[in-house]
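# Structural characterization, general
Each chain, written out:
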Amino acid sequence: MKHSLAVIPLVACLALASAHAAAAQASLNTLTPAERDAGWRLLFDGKTTTGWRGWKMDTLPSGWEVVDGALTRVRPAADIITTEKFKDFELSLEWNIAPKGNSGIFYRASEQDDAIYWTAPEMQVLDDAGHPDGRSRLTAAGSDYGLYPSPAGVVKPAGQWNQVRLVVNGNHVEHWLNGVKVVEYELGSPDWEAKVKASKFARHRGYGRNREGYIGLQEHDYWVAYRNIKIRVLP
């Protein structure tokens, strides 16, 4: 049986693409030996929602599901948090959001107020081009929501994966987005206190003052997915 010379390379290319896709999928939500040696561990295994629950809930809201190896908000739900609290840490994850979407990553959150965002700083997750919050760098992707702005041109468009590195060590906080440090500040510093006093968080006395707390993911009316969620506790 004769084959067209054009068909054979096409079949080979499709097979190679399929192999690359399978390899990429297999590497999701895993740790390399070097990461394990450095103290990293997974907060999400890519298969179950173990380790997560709703804010002020005992279980995970049904609107969050595992879809294609990502912890995904697929329908109306609630904010979710880790079952474990963390003090000083480095967090790494990837997020992908729908057009016009809005979400966020909370750190050192508590359940001592009427909403999670009254207790914890938030790294904004946003479609800057499609959502109104993208018009201000104070509320755009990567910002410390409402307090410290992020630069433009770093976030990827809606539908693409963005990589986050979040460092919380004592009072020192760093937001990294796609390999760029976009925010850096000191909790409790005169500058931070002044910004909080001038913000909507001023009347919430516990805002940003927890020495340890939960990692939280925000439900904000839009499809959003998180994967490769890893943490390294700092000494």
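Residues numbered from 1 in each chain as written. Predicted model: local features only at pLDDT ≥ 70, side-chain atom pairs only at ≥ 80, totals over all residues. Heavy atoms only, no water.

This brings us to the sheet that holds strand 2 (residues 52-54). Pairing between sheet strands relies on hydrogen bonds along the backbone, with the strands arranged either parallel or antiparallel. In spatial order, the strands read 2-5-12-7-8; together these five strands make up an open sheet with antiparallel pairing. The open sheet is flanked by strand 2 and strand 8 (122-126), the only strands paired with a single partner. Averaged over all pairs of adjacent strands, the angle between strand axes in this sheet comes to 25°, irrespective of strand direction. (Pairing = 2+ DSSP bridges. Helix = DSSP H or I, 4+ residues; strand = E, 2+ residues; numbered from the N terminus. Axes fitted to C-alpha atoms, helices over the stretch in contact; angles between N-to-C directions.)

So, about the packing of aromatic side chains. All told, the structure shown has six aromatic pairs when counted by the stated rule. Aromatic pair phenylalanine 201 and tyrosine 207: ring centres 4.2 Å apart, planes at 5°, arrangement stacked. Using a relative accessible area of 1% as the deciding quantity, one classes tyrosine 207 as buried. Three or more aromatic residues joined by ring pairs form one cluster here, namely Tyr117, Trp118, Trp192, Phe201 and Tyr207. The cationic tip of arginine 53 hangs over the ring face of tyrosine 214; the distance from NZ or CZ to the ring centre is 5.3 Å. Positioned above the aromatic ring of tyrosine 117, the side-chain terminus of lysine 200 is 5.9 Å from the ring centre. (Phe/Tyr/Trp six-rings, centres within 6.5 Å; stacked < 30°, edge-to-face > 60°. Buried < 20%, exposed > 50% of the residue type's maximum accessible area, 1.4 Å probe, protein only. Lys NZ or Arg CZ within 6 Å of the ring centre and 35° of its normal.)

Next up on the list: the confidence of the model for the protein chain. Of all residues in the protein chain, 89% attain a pLDDT of 70 or more, and the chain-wide mean is 92. Element-level mean pLDDT values for the protein chain span from 50 in helix 1 (residues 7-27) up to 99 in strand 10 (residues 172-177). Across residues 10-23 the pLDDT falls below 50, and counting only partners more than four positions away or on other chains, this stretch makes zero contacts in the model. (pLDDT = per-residue confidence, 0-100. Contact = heavy atoms within 4.5 Å.)

Glancing now at the nonpolar core. Among the nonpolar cores identified, the biggest contains 45 residues, and Trp52, Leu91, Trp95, Ile105, Tyr226 and Ile229 are the most heavily contacted of them. With five residues, the single largest contributor to this core is strand 6 (residues 89-97). Once residues within four sequence positions are removed from consideration, tryptophan 52 is found in contact with Leu43, Phe44, Leu60, Leu71, Ile80, Ile81, Thr82, Thr83, Ile215, Leu217 and Ile229. By size, the runner-up hydrophobic cluster in this structure holds seven residues, among which are Trp55, Ile81, Phe106 and Ala109. (Core = buried A, V, L, I, M, F, W, Y, C linked by side-chain atoms within 4.5 Å.)

With that settled, the discussion passes to a nonpolar patch on the surface. The grouping of Val67, Val74 and Trp223 at the surface amounts to a nonpolar patch, some 210 Å² of accessible area in total. For valine 67, the location among the structural elements is in strand 3 (residues 64-67). On the basis of relative accessible area, valine 67 is assigned to the partly exposed category, the value being 31%. (Patch = residues over 30% accessible without salt bridge, like charges linked within 9 Å, V, L, I, M, F, W, Y side chains within 5 Å. Areas by Shrake-Rupley, 256 points an atom, 1.4 Å probe, with all protein chains shown as cover. Salt bridge = Lys/Arg side-chain N within 4 Å of Asp/Glu carboxyl O.)

By secondary structure assignment, the location of tyrosine 148 is in the loop between strand 8 and strand 9 (162-169). For the pair tyrosine 148 and methionine 123, spaced 25 residues apart in sequence, the C-alpha separation works out to 9.8 Å. If we ignore the near neighbours within four places in the chain, the residues touching tyrosine 148 are Leu138, Ser143, Val183, Tyr185, Asp191, Trp192 and Lys195.

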